[in-house]
Amino acid sequence: VELSQTALAEMRALLAELRPPTPRPTGREALESQGLVAALALHLEALQGDGGPVLTLDSYRYRRRAFAIEHALYRIAQEALANARKHARASQLVVRLVATRAGTTRMSIIDDGIGFEPDAPRESGHGSGLGLSSMTERAGKISATLTVRSALQKGTTIEVMVPAEAKE
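Conventions we followed
Residues numbered from 1 in each chain as written. Predicted model: local features only at pLDDT ≥ 70, side-chain atom pairs only at ≥ 80, totals over all residues. Heavy atoms only, no water. Patch = residues over 30% accessible without salt bridge, like charges linked within 9 Å, V, L, I, M, F, W, Y side chains within 5 Å. Areas by Shrake-Rupley, 256 points an atom, 1.4 Å probe, with all protein chains shown as cover. Salt bridge = Lys/Arg side-chain N within 4 Å of Asp/Glu carboxyl O. Helix = DSSP H or I, 4+ residues; strand = E, 2+ residues; numbered from the N terminus. Buried < 20%, exposed > 50% of the residue type's maximum accessible area, 1.4 Å probe, protein only. Pairing = 2+ DSSP bridges. Axes fitted to C-alpha atoms, helices over the stretch in contact; angles between N-to-C directions. Contact = heavy atoms within 4.5 Å.

How should I be thinking about a nonpolar patch on the surface in this particular structure?
Nonpolar side chains collect at one region of the surface, where M11, L14, L15 and L18 lie side by side and expose about 430 Å² of accessible area between them. The residue M11 is located in helix α1 (residues 2-18) in this model.

Okay, here's the thing in C-alpha cells:
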C-alpha cells in the first residue's frame with residue numbers, strides 16, 4: 001500500500017511538471033472577466049514585485065459597474081500609481097474603492113509622499129501635468145469628477161467620484 005501511494009504521488013508530481021503553467025491573466029483580461037477589483041489586485045501585485053512603496057487595495061462595499069466605467073477607473077488608477085511611484089517618494093500607496101448606498105462609486109489613490117502644489121507651474125523634470133489632464137479627461141468621459149488634493153510634505157490624494165447614473 002505504501003509503495004503504491006508513493007508511486008501515485010511521484011506520478012502526479014511528474015504529470016504536474018509536464019503540464020504547461022497556467023498563464024496569468026493580463027490586467028485587461030482580469031478586468032473583462034472578473035472586474036475592477038481583480039484587475040487592480042493583479043496590477044498592484046505586479047508593481048509590488050518591483051519593490052518600492054507598500055501597496056494596498058481596499059475595496060470596501062464596491063459593486064461592479066459597466067465595463068466602460070471600470071476600464072476608465074482602471075486606467076486612472078494606473079496613471080495615478082505610476083505618477084506616485086515616479087514622483088512622490090511615498091512609503092505607502094492605497095487604492096480605495098467604495099460604493100455608496102445611493103450607487104455612487106468613489107475611487108481614491110492615496111500616497112504619503114512629498115506632495116506637490118497642484119496649481120503651481122511644473123518644473124523641468126517634475127512632470128508636465130499630462131498625467132493629471134489624461135486622468136481628468138478619462139473621468140469626464142464617464143461623467144465622473146476627479147479631484148486632486150495635495151500639499152508639500154503631506155502626500156497626495158486623487159479621488160474620482162462616479163455618479164450612479166454615469167455614462168455607460
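Help me understand the pattern of salt bridges in this model?
If the charged atoms of two oppositely charged side chains come close together, the side chains can form a pair. Tallied over the entire structure, the rule returns 4 salt bridges. Here R96 makes a salt bridge to D58, at a shortest N to O gap of 3.2 Å. Of this pair, R96 sits in strand β2 (residues 92-99) while D58 sits in strand β1 (residues 54-58), placing them 38 residues apart in sequence. One salt bridge connects E159 with R149, and the closest N-O pair in it is separated by 3.9 Å. Taken together, the positions of E159 in strand β5 (residues 156-162) and R149 in strand β4 (residues 145-150) put the pair 10 residues apart, joining distant regions of the chain. On the basis of relative accessibility, which here comes to 17%, the residue E159 falls in the buried class. A cluster of three or more residues bridged by salt bridges with shared partners is formed by R106, R149 and E159.

Help me out: how do you make sense of the sheet that holds strand β3 (residues 105-111) in this one?
Two strands in a sheet stick together by hydrogen bonds in their backbones, pointing the same way (parallel) or opposite ways (antiparallel). Pairing is mixed in the open sheet, where 5 strands are placed in the order β1-β2-β3-β5-β4. Looking at the sheet topology across the chains shown, the edges are occupied by β1 and β4. When the angles between neighbouring strand axes are averaged without regard to direction, this sheet yields 10 degrees. Looking at chain direction, β1 and β2 are connected through 5 bridges and run parallel. In the strand pairing of β2, L55 is matched with L93. Here helix α3 (residues 36-48) sits on the sheet in contact with β1 and β2, set at roughly 170 degrees to β1. The sheet strands contacting helix α4 (residues 67-88) are β1, β2, β3, β4 and β5, and the helix crosses β3 at an angle near 10 degrees.

Fair warning: the whole summary comes from geometry, so function is off the table for now.
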